[in-house]
Amino acid sequence: DTAVSQTPKYLVTQMGNDKSIKCEQNLGHDTMYWYKQDSKKFLKIMFSYNNKELIINETVPNRFSPKSPDKAHLNLHINSLELGDSAVYFCASSRVGTGPLNTEAFFGQGTRLTVV
Amino acid sequence: ELKVEQNPLFLSMQEGKNYTIYCNYSTTSDRLYWYRQDPGKSLESLFVLLSNGAVKQEGRLMASLDTKARLSTLHITAAVHDLSATYFCAVVSNFGNEKLTFGTGTRLTIIP
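Every value quoted in this text rests on a predicted model; they were computed, and no experiment measured them.

What about the overall build of chain B?
Reasoning step 1: Helices and strands together make up the secondary structure of chain B, namely zero helices and eleven strands.
Reasoning step 2: Secondary structure of chain B in N-to-C order comes out as β-β-β-β-β-β-β-β-β-β-β.
Reasoning step 3: The globule rule puts the C-alpha radius of gyration for 112 residues at 13 Å, and the 13 Å found for chain B is close to it.
Reasoning step 4: In terms of principal-axis extent, the alpha carbons of chain B reach across some 45 × 30 × 20 Å.
Reasoning step 5: A total of 112 residues make up chain B; the buried ones form 47% of that total.
Reasoning step 6: By element, 50% of the accessible surface of chain B is carried by carbon and sulfur atoms, the whole surface being about 5400 Å².
Reasoning step 7: Put simply, chain B has 11 plus and 10 minus side-chain charges, and the middle of one group is 2 Å from the middle of the other.

Below you can see the structure in the form of structure tokens.
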């Protein structure tokens, strides 16, 4: 079984459309994340949820809205897509979101979003 | 804001040679992670370093952490082609909200 799974793997869409990416983890982790990897391979955190509560919200356009229906799922909805949104989006999860313990993150396979 | 820098950004080396990738970070941390990413693939966790002086080894890769110098190294011994990938270090600051901040990545190419 895949530990962190995202769908879809590829997403090609036109500017102005609204799209969603889904993520599920079966590791029993409390914390889930969305990262964006640009064309230069830089990885930047976008959001983090701990037990369905938003704990990290980086400087991301409000067209991006995460939703966590339960601690095993974290979806990303993007409104009014722009060319600059093209990137690979990674979902990840970790065991603990706070405290001095291991925060090793496990990543999904990524969603390659192309806006045309 | 925590900054994490890796060098070199690109590394091309011959099989059988040794080399080291460096990861410097700008704030107090005793949690550092190394990841590997193959082209078009996800990130795979390689090492978790949780204290000053921590050293971990797996095959031809060895990672170490010096929290006083705010430096981690990833040493490659007798490189083989299968090690070609992009390697990232990532750091969690001791202050703040448990955010994992990634370095710029080192794209490693092993030439036969």
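Now that the structure has been shown, we can carry on.
Describing the pairing of strand β7 (residues 61-66) of chain B
Residues and elements named next belong to chain B.
Reasoning step 1: Here β7 shows a buried face lined by Leu61, Ala63 and Leu65 and an unburied face lined by Met62, Ser64 and Asp66.
Reasoning step 2: Pairing geometry for strand β6 (residues 55-58) and β7, over four bridges, is antiparallel. Across the sheet, Gln57 pairs through a bridge with Met62, a residue of β7.
Reasoning step 3: Counting the residues in the hairpin turn of β6 and β7 gives two residues, including Gly59, whose phi is positive at 65°.
Reasoning step 4: Counted between consecutive antiparallel strands, the loop separating β7 from strand β8 (residues 71-76) contains four residues, among which Arg70 sits at a positive phi close to 55°.

Details of the nonpolar core
Reasoning step 1: Core analysis: the largest hydrophobic core is formed by 25 residues, its most contacted members being B:Leu32, B:Trp34, B:Leu74 and B:Tyr87.
Reasoning step 2: Among the elements of the structure, β2 (10-14), β3 (19-25), β4 (32-37), β5 (43-49), β7, β8, β9 (85-92) and β11 (106-111) of chain B are those that each provide at least two residues to this core.
Reasoning step 3: Top element by residues in this core is β9(B). It accounts for four residues.
Reasoning step 4: Dropping the residues within four chain positions of it, B:Tyr87 is found in contact with B:Gln6, B:Ile21, B:Tyr35, B:Arg36, B:Leu46, B:Leu61, B:Leu74, B:Gly105, B:Thr106 and B:Leu108.
Reasoning step 5: Counting 20 residues, the second-largest nonpolar core is a separate cluster that includes A:Met46, A:Phe47, A:Val60 and A:Tyr89.

Description of the interface of chain B and chain A
Reasoning step 1: Across the boundary between the two partners, chain B contributes 20 residues, which contact 23 residues of chain A.
Reasoning step 2: Where chain B abuts chain A, roughly 1800 Å² becomes buried across the two surfaces, and 54% of that area is made up of carbon and sulfur atoms.
Reasoning step 3: On the surface where chain B and chain A come into contact, there are one salt bridge.
Reasoning step 4: A salt bridge links A:Glu58 to B:Lys99, with the nearest nitrogen and oxygen atoms 3.2 Å apart.
Reasoning step 5: The tally of links between chain B and chain A comes to six residue pairs in polar contact (both at pLDDT 80 or more).
Reasoning step 6: Put simply, the parts of the chain that give the side of chain B that touches chain A at least two residues each are β4, β5, β9 and β10 (100-102) of chain B.
Reasoning step 7: For the side of chain B that touches chain A, the class distribution of residues is nine nonpolar, six polar and five charged.

Some thoughts on the state of the cysteines
Covalent bonding between the sulfur atoms of two cysteines is what defines a disulfide.
All names here are of chain A.
Reasoning step 1: Taken as a whole and assessed by the stated rule, the structure comprises two disulfides over all chains.
Reasoning step 2: Covalent S-S linkage joins Cys23 and Cys91, the inter-sulfur distance amounting to 1.8 Å. One disulfide, between Cys23 and Cys91, carries an S-S torsion of -80° and so falls in the left-handed class. Taken together, the residues span a long stretch of sequence, with Cys23 in strand β3 (residues 19-25) and Cys91 in strand β9 (residues 87-94) at a distance of 68 residues. No difference in accessibility class separates Cys23 from Cys91, as the two residues are buried.

Observations regarding the pattern of salt bridges
All names here are of chain A.
Reasoning step 1: Considering all chains together, one arrives at five salt bridges over all chains under this definition.
Reasoning step 2: Linking Lys71 and Asp30 is a salt bridge whose minimum nitrogen-to-oxygen distance equals 2.9 Å. Taken as a pair, Lys71 in the loop between β7 (64-70) and β8 (73-78) and Asp30 in the loop between β3 and β4 (31-37) lie far apart in primary sequence, 41 residues in all.
Reasoning step 3: Each member of the salt-bridge network shares a partner with another, and the members are Arg63, Glu82 and Asp85.

Calculation criteria
- Residues numbered from 1 in each chain as written.
- Chains lettered and ligands numbered in written order.
- Predicted model: local features only at pLDDT ≥ 70, side-chain atom pairs only at ≥ 80, totals over all residues.
- Heavy atoms only, no water.
- Helix = DSSP H or I, 4+ residues; strand = E, 2+ residues; numbered from the N terminus.
- Rg over C-alpha atoms; globule rule 2.2 N^0.38 Å.
- Buried < 20%, exposed > 50% of the residue type's maximum accessible area, 1.4 Å probe, protein only.
- Areas by Shrake-Rupley, 256 points an atom, 1.4 Å probe, with all protein chains shown as cover.
- Lys, Arg positive; Asp, Glu negative; His and termini not counted.
- Charge placed at Lys NZ, Arg CZ, Asp CG, Glu CD.
- Pairing = 2+ DSSP bridges.
- Core = buried A, V, L, I, M, F, W, Y, C linked by side-chain atoms within 4.5 Å.
- Contact = heavy atoms within 4.5 Å.
- Buried area = accessible area lost by both parts, 1.4 Å probe.
- Salt bridge = Lys/Arg side-chain N within 4 Å of Asp/Glu carboxyl O.
- Polar contact = N/O pair within 3.5 Å; in protein donor to acceptor, adjacent residues only side chain to side chain.
- Nonpolar A, V, L, I, M, F, W, Y, C, P; charged D, E, K, R; others polar.
- Disulfide = S-S within 2.5 Å.

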